[in-house]
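For reference, the chains in residue letters:
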Protein chains: 2
Amino acid sequence: MPRPGRGQGMGRGGGFRDPQQGMLGGRLRGHGHRLTGPRRVILSVLESARDYLSAEEVYMAVYADNPGVGIATVYRTLQMLAEIGIAERVDTGDGKARYKLGPVEDQRRRVVLVCTNCSRSTPITTGTDDTEAVIAQLERMTAEQHGFRTNRTVVQLYGLCEQCEKQYGG
Amino acid sequence: MPRPGRGQGMGRGGGFRDPQQGMLGGRLRGHGHRLTGPRRVILSVLESARDYLSAEEVYMAVYADNPGVGIATVYRTLQMLAEIGIAERVDTGDGKARYKLGPVEDQRRRVVLVCTNCSRSTPITTGTDDTEAVIAQLERMTAEQHGFRTNRTVVQLYGLCEQCEKQYGG
DNA sequence: GTAGATGCAAACTTTTTGCTGGCCC
DNA sequence: GGGCCAGCAAAAAGTTTGCATCTAC
C-alpha cells in the first residue's frame, strides 16, 4: 500500500470551532494528555467518519489537509484514544486494526460481515438492532452452560456480500 | 520474537502411522493437494494440539523435531488447510492468526470462549446446542437487513472463564 | 519551564512471494 | 515425468520505537 511522501510541516495548533473538541480535549487532559494540533485533526477525522477507520485511512484523511502529520503520530494517537476509552479498537481479521470514536460500553457487542470473495469487512452497528438481543441470549446461554462471564462479544459472519452475491449469480 | 536458526534439512516423507493422516491425506488429494513430509508434520502438530495455535507456535513445535521445515511452508500449509476446510482460522485480535484442526462443514457455526485473563480459548461444540438456533437467527437477520449470505459464522466471547472468575472473586 | 508530543527514520513483527531445485503421485 | 511443493531469502504490510526538537499547559 503506497504512502504519500513527507510534507513540509503543518501549522501546529490550527483553530477549530468544533464544540465537541472542547469536550474531548477535556477528557484527554483528564487523563494527563494534551490536545495538540495533530490530535485535533485526527479527532476531527474520526468525528466525521461513519465507519471504523484503519490507521492508514485516518492518515490519508489527515494528510489531505495536513501533510505534515506523521503516520507515527496517527498510530500513537489512535492507541492513546483507545486506551482512555475515547475510541474503540477493532480487529476485523484482515491484519489492520480499525478505530471509531465512541464509548466502549456502547459497542460491547460487535457483528462484522466478512465477504470471502472481495475481502471487505463491514461492521454492523448493533445497539439499535435486534442483533443485540440475540447476542445477549447467546451470552446468557454460555454463562449458564459453561460458567463463562462474557465482557465483549465479536461475531464474524463469513459469506458473500450483496455485490459479490449478484456477481456469482447465486 | 526470536526465531530458531536454519536447520540442516529434514528427512522428507518421514513415516507416520497415524490412521487419521490417511484420512486427511485423502481430503488433501481430493482438493488437488499432496501429502508431503512437512505437511504430515504440521498436521501431526495440529492433531495433538488442544487449543488454537499461532503460525509461530506451529513452527516451533515442528522445528523441535524437524528443523528443516521453513516457516514459509508452515504459513502456506496453514493457509491451505484453512482454505479447504480442514483447519479453522481465527483472529483473536493480537495480530496473530490462530489455527485448529476441525471439519468446518460439521461446525459451520462456531462459538469460542476467550478468557481475557489466562488467554485460553475454548471452542464450544454447537450443533446439539440451542446456540445453533440463536446463531441461525442472527444469520437470518443480517441476510434480511444487509443482503449478506452467510456461509460460516464465528462467535468469539471475550470474558472470564470459570477458574479466573473465581480467582478474581467476581 | 517541563513533561509530554511530534516528525522522521529505522526497527520489528507477522505474513507473503519469487526463485530454484526436489519430491509426490 | 510433470506439476505441485520445498527451503531460502527478501519483500510487503502494519505497527512500534529512538531520538532530537518543539509545544501545550
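Residues numbered from 1 in each chain as written. Chains lettered and ligands numbered in written order. Predicted model: local features only at pLDDT ≥ 70, side-chain atom pairs only at ≥ 80, totals over all residues. Heavy atoms only, no water.

S.K.: Now, about the overall build of chain A: what can you tell me, with residues and values included?
M.R.: Per the secondary structure count, chain A includes 6 helices and 6 strands. Tracing chain A from N to C terminus, the helices and strands come up as α-α-β-α-α-β-β-β-β-α-β-α. Considering only intrachain contacts with a sequence separation of at least 6, the fraction spanning at least 24 residues in chain A is 57%. Entry remark: accessible area of chain A is about 9100 Å², with carbon and sulfur atoms responsible for 45%. (Helix = DSSP H or I, 4+ residues; strand = E, 2+ residues; numbered from the N terminus. Contact = heavy atoms within 4.5 Å. Areas by Shrake-Rupley, 256 points an atom, 1.4 Å probe, with all protein chains shown as cover.)

S.K.: Go over the packing of helix α2 (residues 37–47) of chain B against helix α4 (residues 71–83) of chain B with me, naming the residues and quoting the values.
M.R.: Residue and element names in this part refer to chain B. Close contact between α2 and α4 brings their axes to 10 Å; oriented N to C, the two are set at 65°. Relative to α4, the element α2 lies roughly perpendicular. In the crossing of α2 with α4, the sense of the turn from one axis to the other is right-handed. Taken together, the residues of α4 that come into contact with α2 (itself represented by Pro38, Arg39, Ile42, Leu43 and Leu46) are Thr73, Val74, Thr77, Leu78, Met80 and Leu81. (Axes fitted to C-alpha atoms, helices over the stretch in contact; angles between N-to-C directions. Parallel < 35°, antiparallel > 145°, perpendicular 65-115°, else oblique. Left-handed = near helix turned anticlockwise from the far one by under 90°.)

S.K.: Lay out the relation of the copies chain B and chain A in plain terms, naming residues and giving numbers.
M.R.: Least-squares fitting of chain B to chain A yields an RMSD of 2.3 Å, with the transformation described by 1.0 Å of translation along the axis and a rotation of 179°. Accordingly, the operation relating the two chain copies is best matched by a two-fold axis. When the interface residues of chain B are mapped onto chain A, 100% of them are again interface residues, pointing to one common binding face. (Least-squares fit on C-alpha atoms with pLDDT ≥ 70 in both.)

S.K.: Requested: an account of the sheet that holds strand β2 (residues 87–91) of chain A, with residues and values cited.
M.R.: Strand order in the open sheet formed by 3 strands is β1-β3-β2 (chain A), and the pairing between neighbours is antiparallel. In this open sheet, the two edge strands, each paired with only one partner strand, are β1 (53–54) and β2 of chain A. (Pairing = 2+ DSSP bridges.)

S.K.: Could you give an account of the interface of chain B and chain A, with specific residues and numbers?
M.R.: At the interface, 37 residues of chain B touch 37 residues of chain A. Interface area for chain B against chain A, summed over the two sides, is near 3400 Å², with a carbon-plus-sulfur share of 62%. Three residues, Phe148(B), Arg149(B) and Tyr158(B), lead the burial of chain B against chain A; their summed loss comes to 18% of the area buried on that side. Here chain B and chain A share 8 residue pairs in polar contact (both at pLDDT 80 or more) between them. For the side of chain B that touches chain A, the elements supplying multiple residues, two or more each, are β2 (87–91), β4 (109–115), α5 (131–146), β6 (149–160) and α6 (162–168) of chain B. It is β6(B) that contributes the most residues to the side of chain B that touches chain A, 12 residues altogether. In this structure, strand β6 (residues 149–160) of chain A lies alongside β6(B), joined through 11 bridges in antiparallel fashion. (Buried area = accessible area lost by both parts, 1.4 Å probe. Polar contact = N/O pair within 3.5 Å; in protein donor to acceptor, adjacent residues only side chain to side chain.)

S.K.: An account of the nonpolar core is needed here, citing residue identities and associated values.
M.R.: In terms of nonpolar packing, the biggest core is built from 28 residues, with Val111(A), Val155(A), Leu157(A), Val111(B), Val155(B) and Leu157(B) touching the most fellow members. Secondary structure elements with two or more residues in this core: β4 (109–115), α5 (131–146) and β6 of chain A together with β4, α5 and β6 of chain B. (Core = buried A, V, L, I, M, F, W, Y, C linked by side-chain atoms within 4.5 Å. Buried < 20%, exposed > 50% of the residue type's maximum accessible area, 1.4 Å probe, protein only.)

S.K.: Summarise the sheet that holds strand β3 (residues 97–101) of chain B; cite the residues concerned and give the values.
M.R.: Within a sheet, adjacent strands bond to each other through the backbone by hydrogen bonds, running parallel or antiparallel. All names here are of chain B. The 3 strands are arranged β1-β3-β2 in an open sheet whose pairing can be described as antiparallel. Both edges of this open sheet fall to β1 (53–54) and β2, since each of them pairs with a single strand only. Both β1 and β3 contribute to a ladder of 2 bridges, which runs antiparallel. Directly across from Leu53, in β3, lies its bridge partner Tyr99. Of the strands in this sheet, β1 and β3 touch α2, which is tilted by about 85° from β3.

S.K.: Describe the pairing of strand β3 (residues 97–101) of chain A, naming the residues involved and giving the relevant values.
M.R.: Strand residues, when the strand is regular, have side chains that alternate between the two faces of the sheet. Counting buried residues in β3(A) gives 5 out of 5 residues, a clear majority hidden from the surface. Neither face of β3(A) is left uncovered, since the one carrying Ala97(A), Tyr99(A) and Leu101(A) and the one carrying Arg98(A) and Lys100(A) both have all their residues buried.

S.K.: So what about α5(B)? Which residues, and what values?
M.R.: Residues and elements named next belong to chain B. With 16 residues, α5 extends 22 Å between its outermost C-alpha atoms, agreeing within 8% with the 22 Å of an ideal straight helix rising 1.5 Å per residue. All buried positions along α5 are accounted for by Thr131, Val134, Ile135, Ala136, Leu138, Glu139, Met141 and Thr142. Count one or two residues on from α5 and you reach Gly147, which has phi positive near 60°. (Expected span 1.5 Å × (residues − 1).)

S.K.: Which residues make up the packing of aromatic side chains, and what are the values?
M.R.: In total, this model carries 2 aromatic pairs over all chains according to the counting rule given. Ring plane angle 50° and centroid distance 6.1 Å describe the contact between Tyr59(A) and Tyr63(A), whose orientation is recorded as tilted. One end of the pair is Tyr59(A) and the other is Tyr63(A), both in helix α3 (residues 55–65) and 4 residues apart, which spans about a single turn. In this structure, Arg152(A) is placed above the aromatic ring of Tyr158(B), and the distance from its NZ or CZ to the ring centre is 4.7 Å. (Phe/Tyr/Trp six-rings, centres within 6.5 Å; stacked < 30°, edge-to-face > 60°. Lys NZ or Arg CZ within 6 Å of the ring centre and 35° of its normal.)

S.K.: Which residues make up the side chain of Arg98(A), and what are the values?
M.R.: With respect to the helices and strands, Arg98(A) occurs in strand β3. Engagement of the side chain of Arg98(A) in a polar contact is seen with the side chain of Glu57(A), the distance being 3.3 Å.

S.K.: Which residues make up the pattern of salt bridges, and what values go with them?
M.R.: All names here are of chain B. This model, assessed by the stated rule, comprises 7 salt bridges over all chains. For Arg109, the salt bridge goes to Glu132, with nearest N and O atoms at 2.9 Å. With Arg109 in strand β4 and Glu132 in helix α5, this pair connects stretches of sequence that are 23 residues apart. (Salt bridge = Lys/Arg side-chain N within 4 Å of Asp/Glu carboxyl O.)

S.K.: Tell me about the confidence of the model for chain A, residues and numbers included.
M.R.: Regions with low pLDDT carry predicted coordinates that are not meant to be interpreted in detail. All names here are of chain A. Chain-level pLDDT for chain A is 79 on average; 76% of the residues reach the 70-or-more range. Least confident of the elements in chain A is strand β5 (residues 121–124), whose mean pLDDT is 72; most confident is helix α2 (residues 37–47), at 96. A low-confidence stretch, residues 1–16 stays under pLDDT 50, and its non-local contacts, those more than four residues away or across chains, total 26 contacts. (pLDDT = per-residue confidence, 0-100.)

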